[in-house]
Amino acid sequence: MTFSVFITRKIPEEGVHILKKVCQKVEVNPRDRPLTYDELLKEAKGRDAIITMLSDRIDARLMQEAANLKIVANYAVGYDNVDVKAATARGIVVTNTPGVLTDSTADMAWALLFSIARRIIEGDKLTRAGKFTGWAPMMLLGGDLVGKTLGIVGAGRIGTAMAMRSRGWNMRVLYMTQQSRNAVLEEMFGAQRVDLETLLRESDFISIHAPLSEKTRHLIGPHEFSLMKRTAYLINTGRGAVIDEVALVNALRNKQIAGAGLDVYEEEPKLKTGLTELDNVVLAPHLGSATVETRTKMALMAAENIIAVLNRQKPSNCVNPEVLT
Ligand code: DGY
């Protein structure tokens, strides 16, 4: 049988290479930009498999028109861009890339946390602008980490890796999850499960790791900002829409919280008005998994999932396992 695969953005060659060994036709979007929905629709037609990015909307219409599609291999751990229900209804397997990006994403959350708490970006700007006129006792004072409280929202793999890293600063760890209790967090890292309100009231650093769903959309809005300490920092490396970004801009502008470190945004790549004008926020362009090692592992994982499905085997990372039965 001949298999046709389309990859919606250039990814590390290792993944493309193993696909080419099994599939007769493997094509990669040659443009240096995401495809428009219509382009995606056109490219998906007649394909057996596609590797999609978190910026690609994979909806019921697309899956209906791409009638040969057997698998959507999302090149991300989050898969809120894919209508999984519609895929399941059509017997299409949806896979993601869990595990391999846990450390790089937790590292990114810590990088943002340090950057905002120690005002590194402000310091960099000042130094480049030639405004560093010598050490000054009151210049760019930030906040300490040691002994502070870290609040983790969403207690999956990345939230757990976040807690693990906090041990170096002897932090108290609180967590909240809409899922079941995380025994590793509690037993290995002494984390305490609390409700969202307690977490927001007591944490000095709040890090978002919950997946985006109808339950978590705008989980952090005006009311939640009003509960946080004025000295608190909010970090988001999960999905932008878990935070109401307009409410965040207001909270930062009114100094309702001390600062934020963001890697993700509600309507990427657009940012809400006012965000870029604020000094008390560090903005990264969705780089959580952006290391050579991690992106290579993600490419291999997505390709292996496709190869398994095309060979009528069970893929390792299926998010709708009911289609396999
Ligand atoms: C993911 O995998 O969901 C990340 O957001 C990608 O960096």
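Before reading further, recall that the structure is shown in the block above.
Residues numbered from 1 in each chain as written. Predicted model: local features only at pLDDT ≥ 70, side-chain atom pairs only at ≥ 80, totals over all residues. Heavy atoms only, no water.

Draft legend 1. Molecular detail of the nonpolar core. Membership of the largest hydrophobic core comes to 33 residues, with the highest contact counts inside it found for Val153, Ile220, Phe225, Leu234 and Leu248. Listing elements by their share of this core, those giving two or more residues are strand 7 (172-176), helix 9 (196-202), strand 9 (205-208), helix 10 (222-227), helix 11 (245-253) and strand 11 (259-262). At five residues, the largest contribution of residues to this core is made by helix 11. Not counting the four nearest positions on each side in its chain, Leu234 is found in contact with Ile206, Ile208, Ile220, Phe225, Ile243, Leu248, Ile257, Gly259, Ala260 and Gly261. (Core = buried A, V, L, I, M, F, W, Y, C linked by side-chain atoms within 4.5 Å. Buried < 20%, exposed > 50% of the residue type's maximum accessible area, 1.4 Å probe, protein only. Helix = DSSP H or I, 4+ residues; strand = E, 2+ residues; numbered from the N terminus. Contact = heavy atoms within 4.5 Å.)

Draft legend 2. Structural detail: the pattern of salt bridges. For the coordinates displayed, the defined rule picks out 23 salt bridges. One salt bridge connects Glu187 with Arg181, and the closest N-O pair in it is separated by 2.9 Å. Residue class for Glu187 comes out exposed when judged on its relative accessible area of 61%. Note that Lys272 and Glu267 form a salt bridge whose closest N and O atoms lie 2.7 Å from each other. On the basis of relative accessibility, which here comes to 18%, the residue Lys272 falls in the buried class. Glu267 sits in the partly exposed class, given a relative accessible area of 41%. Counted as one network, the salt bridges with shared partners bring together Glu266, Glu267, Lys270 and Lys272. (Salt bridge = Lys/Arg side-chain N within 4 Å of Asp/Glu carboxyl O.)

In short, the description is geometric, and any link to function would need to be established separately.
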